[in-house]
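Listed below, chain by chain, are the residues.
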Amino acid sequence: MWQLLLHHARPSLRRRLVGRLAGFILGGGAPGMASELSIIATHAASAAPRETLRVLLLPLLRKLEADVAELPRVPPPVAVAVAAAGVAAAPPPSATAVAALRYRVTLLAGCMGELHADHVMLPYIDQALAAAVGGGAAPPPPPPSAPSPPPSAAVAALPAGSLAARVAALAESLLCVNSGVLQSEGGGLCGNLVMMLTR
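Computed from a predicted model, the values in this text were never measured in an experiment.

**Examining the nonpolar core**
Reasoning step 1: Counting residues in hydrophobic clusters, the biggest one holds 51 residues, and the most contacted among them are Leu108, Met112, Leu163, Val167, Leu170 and Leu189.
Reasoning step 2: Within the residue set of this core, elements represented by two or more residues are helix 2 (11-26), helix 3 (34-47), helix 4 (49-69), helix 6 (95-112), helix 8 (125-134), helix 10 (163-175) and helix 11 (180-198).
Reasoning step 3: Ignoring any residue separated from it by four or fewer positions in sequence, one finds leucine 189 in contact with Val105, Leu108, Ala109, Val167, Leu170 and Ala171.

So, in structure tokens, the structure goes:
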């Protein structure tokens, strides 16, 4: 029903519907209904990709990037010997934090699968969408707020600032989090991205 409504609604109504869906999901939504909401968000991405990117996917991705940056990391291999010598490892994230992140990653992965490669590979997508909506030229990308580790070769090979590059960097960050569940989610997100880019 939702899919039919989105595909046959007037553009103004479709934008409002996607905006309300985004407000519900970004406001906390219902983590126990992640798969159902992912299906609804997927239909939104299919019917109104630009609007879904602007009001749902990019804010969701920014929230995930900020939350994952604060999580404890698995020590690099060099530090394992030091940890074995008596230095305590960082504690794993709480079960509540893990559930909230899994919910958001599920929604992100579901929506990404419906987007055309042109949207996913568009460099500096935040600025490009802002320019398209505002009608002006895209502003230059903002400087990084904090120093971050250099991107891996796989991330560096993707267009800078693109949705694909940002999701790949997020997935790699999840692989280094001190949580087996979130590492698994990061691996799944990497797999979804690879399948989407090779189809």
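**Quick word on the environment of arginine 15**
Reasoning step 1: Counting through the fold element by element, arginine 15 comes out in helix 2.
Reasoning step 2: On the accessibility criterion, arginine 15 (43% relative accessible area) is partly exposed.
Reasoning step 3: In this structure the C-alpha to C-alpha distance between arginine 15 and arginine 50, which are 35 residues apart in sequence, comes to 9.7 Å.

**So, the side chain of serine 162**
Reasoning step 1: In this structure, serine 162 sits in the loop between helix 9 (153-156) and helix 10.
Reasoning step 2: Residue serine 162 is classed as buried on the basis of its relative accessible area of 0%.
Reasoning step 3: Not counting residues within four places of it along the chain, the set of residues in contact with serine 162 comprises Val120, Met121, Leu122, Pro123 and Tyr124.

**Notes on the environment of proline 11**
Reasoning step 1: Structurally, proline 11 can be placed in helix 2.
Reasoning step 2: On the basis of relative accessibility, which here comes to 49%, the residue proline 11 falls in the partly exposed class.
Reasoning step 3: Residues proline 11 and alanine 48, spaced 37 residues apart in sequence, show a C-alpha to C-alpha distance of 8.6 Å.

**Let's talk about the packing of helix 2 against helix 4**
Reasoning step 1: At a closest axis distance of 9 Å, the pairing of helix 2 and helix 4 adopts a crossing angle of 10 degrees. With respect to helix 4, the axis of helix 2 lies roughly parallel. Contact with helix 2, carried on its side by Arg15, Val18, Gly19, Ala22, Ile25 and Leu26, involves Glu51, Thr52, Val55, Leu56, Pro59 and Leu60 of helix 4 and no other residues of that element.
Reasoning step 2: Here the contact of helix 2 with helix 4 is composed, by residue class, of eight nonpolar, two polar and two charged.

About the thresholds
Residues numbered from 1 in each chain as written. Predicted model: local features only at pLDDT ≥ 70, side-chain atom pairs only at ≥ 80, totals over all residues. Heavy atoms only, no water. Core = buried A, V, L, I, M, F, W, Y, C linked by side-chain atoms within 4.5 Å. Buried < 20%, exposed > 50% of the residue type's maximum accessible area, 1.4 Å probe, protein only. Helix = DSSP H or I, 4+ residues; strand = E, 2+ residues; numbered from the N terminus. Contact = heavy atoms within 4.5 Å. Axes fitted to C-alpha atoms, helices over the stretch in contact; angles between N-to-C directions. Parallel < 35°, antiparallel > 145°, perpendicular 65-115°, else oblique. Nonpolar A, V, L, I, M, F, W, Y, C, P; charged D, E, K, R; others polar.

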